[in-house]
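# What the coordinates show
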Amino acid sequence: VSTQSTGSSGINAEYGHLPGYLGYVPQFKFKIGGTYGQTTHNILYSPEKQNAKMPYRMIEEVRFEEPLARSMPAQEEGWSNTKLTGNMVPGYTGFVPKGQHFFGQRYAQACDSALKSFEKDLIVKEKNDASLKMVPRRPLTPVSKANAYPLKPRDFDYGTSPYKLPKDHSEKYFVSGYTGFVPQARQLLAKGYPVITNQALGIHQDVQHKIRTSGGTPRLARAKTAPPGFIYTKQAGLIPNYTGHVPAMKFKFGKTYGTTTVNALNRSV
């Protein structure tokens, strides 16, 4: 069988492409039931193709012009040592500016279009920056002391604790977000945090004033059912969440914790 080859194109005039050809063949993935040579021959020499008598039309090598970023002198820092050229090789994993906006082309064509668009944007940016530099700036006129906002004299320094401020002072409160303890604040509800802390500090200040004027000292009242030195009492039980040991506690059930721990040592009344 006489065959004719086109040389570097990798095609046989009678059977189509030789097995092992790695190039692109249109519509090949939709053709089944034949050998590789027969399938590619039918595709390349089908009656629907224009110029069907020609065994193969060589794809002309596309030569791209260097993008504007490489043809012009590098003005931006970093362009003088860039890997972005006019004929990018597929497989480059670096970043190509505006490359995500160009598709449907070969890799080199898409990169070339993206770089040219990016360089045009840089030129427009430089022109805009130059025009902004030419805009005359309006000088700022100093504000005279006569027109300045009068500052209200302060009777206390900044940072003074609210505990030390008078009861009727406008800054005697804690701001929202303060996580410290505020005396007398637990009994106040349904108000904003600054209002609650202002009232609580006022109540606390009144209590401290009464203690000072009466001449007494505040004392912690001890419970009558819990004399010093005793944990397990006869008349009262322990508070829930007590983490200490209670004798025979694991053998008792059916009652609350406080009732169960009454007279835990089983002392005679």
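Residues numbered from 1 in each chain as written. Predicted model: local features only at pLDDT ≥ 70, side-chain atom pairs only at ≥ 80, totals over all residues. Heavy atoms only, no water.

### Regarding unusual backbone geometry
- Not every positive phi belongs to a glycine, and Q184 is a case in point at roughly 65 degrees.
- Note on placement: Q184 falls in the loop between α3 (107-134) and α4 (193-214). (Helix = DSSP H or I, 4+ residues; strand = E, 2+ residues; numbered from the N terminus.)

### Here's the deal with the confidence of the model for the protein chain
- Overall, the prediction assigns the protein chain a mean pLDDT of 75, with 72% of residues at 70 or greater.
- A low-confidence stretch, residues 1-8 (pLDDT under 50), is modelled with 12 contacts involving residues beyond four sequence positions or located in other chains.
- Note on residues 67-78: pLDDT is under 50 here. Beyond four places in sequence and across chains, it has 21 contacts. (pLDDT = per-residue confidence, 0-100. Contact = heavy atoms within 4.5 Å.)

### Comments concerning helix α1 (residues 36-44)
- Within α1, the full set of buried residues consists of G37, T39, T40, I43 and L44. Taken around the axis of α1, the buried residues stretch over an arc of 165 degrees, which confines them to a single face. (Buried < 20%, exposed > 50% of the residue type's maximum accessible area, 1.4 Å probe, protein only. Arc of directions from axis to C-beta.)

### Quick notes on the packing of aromatic side chains
- Inspection of every chain in the model, using the stated rule, returns three aromatic pairs.
- Pairing Y163 with F174 gives two aromatic rings, centres 5.8 Å apart and planes at 65 degrees, and the pair type is edge-to-face. Linking Y163 in the loop between α3 and α4 with F174 in the loop between α3 and α4, this pair joins segments that are 11 residues apart in sequence.
- For Y163, a relative accessible area of 36% translates into the label partly exposed.
- For F174, a relative accessible area of 9% puts it in the buried group. (Phe/Tyr/Trp six-rings, centres within 6.5 Å; stacked < 30°, edge-to-face > 60°.)

### Some details on the pattern of salt bridges
- For the coordinates displayed, the defined rule picks out four salt bridges.
- As a salt-bridge pair, D129 and K125 come within 3.0 Å of each other at their nearest N and O atoms. With D129 and K125 both in helix α3 and four residues apart, the pair spans about one turn of that helix.
- When its relative accessible area of 31% is taken as the criterion, D129 is described as partly exposed.
- Classification of K125 by relative accessible area gives partly exposed; the value is 48%.
- As a salt-bridge pair, K167 and D206 come within 2.8 Å of each other at their nearest N and O atoms. (Salt bridge = Lys/Arg side-chain N within 4 Å of Asp/Glu carboxyl O.)

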